[in-house]
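Descriptive analysis of the structure
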Amino acid sequence: AEEENSKRNWSLQDFEIGKPLGRGKFGRVYVAREVKSKFVVALKVIFKEQIDKYRINHQLRREMEIQTSLRHPNILRLYGWFHDTERVFLILEYAHKGELYKEMRKKGHFTEKQAATYILSLTKALAYCHEKHVIHRDIKPENLLLDHEGRLKIGDFGWSVQSKSKRHTMCGTLDYLAPEMVENKAHDYAVDNWTLGILCYEFLFGAPPFEAESQADTFKRIMKVDLSFPSKPSISLDAKSLISRLLVKDSSRRLSLQKIMEHPWIIKNADLTGTC
Ligand SMILES: CC(=O)N[C@H]1CCN(c2c(Cl)cnc3[nH]c(-c4cn(C)nc4C)nc23)C1
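Residues numbered from 1 in each chain as written. Predicted model: local features only at pLDDT ≥ 70, side-chain atom pairs only at ≥ 80, totals over all residues. Heavy atoms only, no water.

Okay, the pattern of salt bridges next. Taken as a whole and judged by the stated rule, the model has 15 salt bridges. For the salt bridge of Glu16 with Arg33, the shortest nitrogen-to-oxygen distance reads 3.1 Å. Of this pair, Glu16 sits in strand β1 (residues 15-23) while Arg33 sits in strand β2 (residues 27-34), and the two are 17 residues apart along the sequence. Linked through salt bridges whose partners overlap, the residues forming this network are Asp84, Glu86 and Arg87. (Salt bridge = Lys/Arg side-chain N within 4 Å of Asp/Glu carboxyl O. Helix = DSSP H or I, 4+ residues; strand = E, 2+ residues; numbered from the N terminus.)

Quick look at the structure:
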């Protein structure tokens, strides 16, 4: 079934379009149902004129090649795509419980068990990406989704790159960027390790560690690695130790993905099914 589906040339007539789920920068995402199978997907619609205007043709093709080739329980599937005269449609896996950061805002912050479970899922997904020579570079809460069982899925691959050499292009908000990216230096896989440290902190405290009034101040705090832990909510020493081993300026000294999976805080707190 999967094989002929992925080869099929889909068209808009194959889908009943539901409510809009949100908007990316270049288009909107709708929940949709494939008419014959009643299979629910997320349909991302991107206008060709936007692709031309922002000259993102190569980036979009890269996103599609990368996401189509990746098969991992914590990475949102791209099942296929099609286009008409003015739009390109991406047929994406639908994450029933929506955006993880909305869940985080609702609760203020996650428990250590929830945070460790999400960090482990992210680490496994990134280890998979890195072995496929893909650096995501834009792992931030709004790109993280939850499926019907509450399992984390990395969504948008809009900024990921097939890493041949070192990369030099800027990305989204500064909060999640490693020093070498903020300084626009060449960077490599270790940027994702830094981001895991940022996310772990944010999952536990509800805000990223270097947040500041202005981008300039965030920039300074990142470059200084100006890290401090609030007394509330009180978190375990293991959690602080993991965060401190990831938010390290020298990218070669950041804890490896393998070492994260073996860290005492992850071993003690993460739920291995990825739900919790
Ligand atoms: C940058 C970006 O694409 N962000 C979002 C838009 C919808 N999109 C989804 C994608 Cl790409 C896949 N599945 C989703 N599920 C949801 C969602 C479900 N609920 C109950 N609420 C929402 C929202 N959204 C998606 C990702």
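Having put the structure on the table, let's press on.
Throughout the structure, instances matching the rule amount to eleven aromatic pairs. Seen from their ring centres, Phe39 and Tyr79 are 5.7 Å apart, and the 75° between their planes marks the pair as edge-to-face. Note that Phe39 is positioned in the loop between β2 and β3 (40-47) and Tyr79 in strand β4 (residues 78-83), a separation of 40 residues in sequence. By the ring-pair criterion, three or more aromatic residues cluster together here, those being Trp10, Phe15, Phe82 and Phe89. Positioned over the ring face of Trp10 is Arg8, at 4.1 Å from the centre of the ring. (Phe/Tyr/Trp six-rings, centres within 6.5 Å; stacked < 30°, edge-to-face > 60°. Lys NZ or Arg CZ within 6 Å of the ring centre and 35° of its normal.)

In a regular helix each residue adds 1.5 Å, so 13 residues correspond to 18 Å; helix α3 (residues 57-69) covers 18 Å between its end C-alpha atoms and thus fits that length. Listed as buried for α3 are Gln59, Leu60, Glu63, Met64, Ile66 and Gln67. (Expected span 1.5 Å × (residues − 1). Buried < 20%, exposed > 50% of the residue type's maximum accessible area, 1.4 Å probe, protein only.)

Now for the nonpolar core. Of all hydrophobic cores here, the largest spans 55 residues; its most connected members are Leu122, Leu144, Phe203, Leu204, Ile260, Trp265 and Ile266. Residues contacting Leu144, with those up to four places away along its chain left out, are Gly98, Glu99, Leu100, Leu122, Ile139, Leu152, Lys153, Ile154, Leu199 and Phe203. Judged by nonpolar contacts, the second largest core, of 17 residues, contains Val29, Val88, Tyr94 and Leu145. (Core = buried A, V, L, I, M, F, W, Y, C linked by side-chain atoms within 4.5 Å. Contact = heavy atoms within 4.5 Å.)

On to the site of the ligand, then. The full set close to the ligand counts 14 residues, and Leu21, Glu93, Ala95, His96 and Glu99 are the nearest of them. Contact between the ligand and Ala95: a nitrogen atom at 2.7 Å from a main-chain N or O atom of the residue. The contact in question runs from a nitrogen atom of the ligand to an N or O atom on the side chain of Glu99, over 3.4 Å. The set of elements that each furnish at least two residues to the shell around the ligand consists of β1 and β5 (87-93). For the shell around the ligand, the residue count by class is eight nonpolar, three polar and three charged. (Near = heavy atom within 4 Å. Polar contact = N/O pair within 3.5 Å; in protein donor to acceptor, adjacent residues only side chain to side chain. Nonpolar A, V, L, I, M, F, W, Y, C, P; charged D, E, K, R; others polar.)

By themselves, these observations are geometric and do not establish any function.
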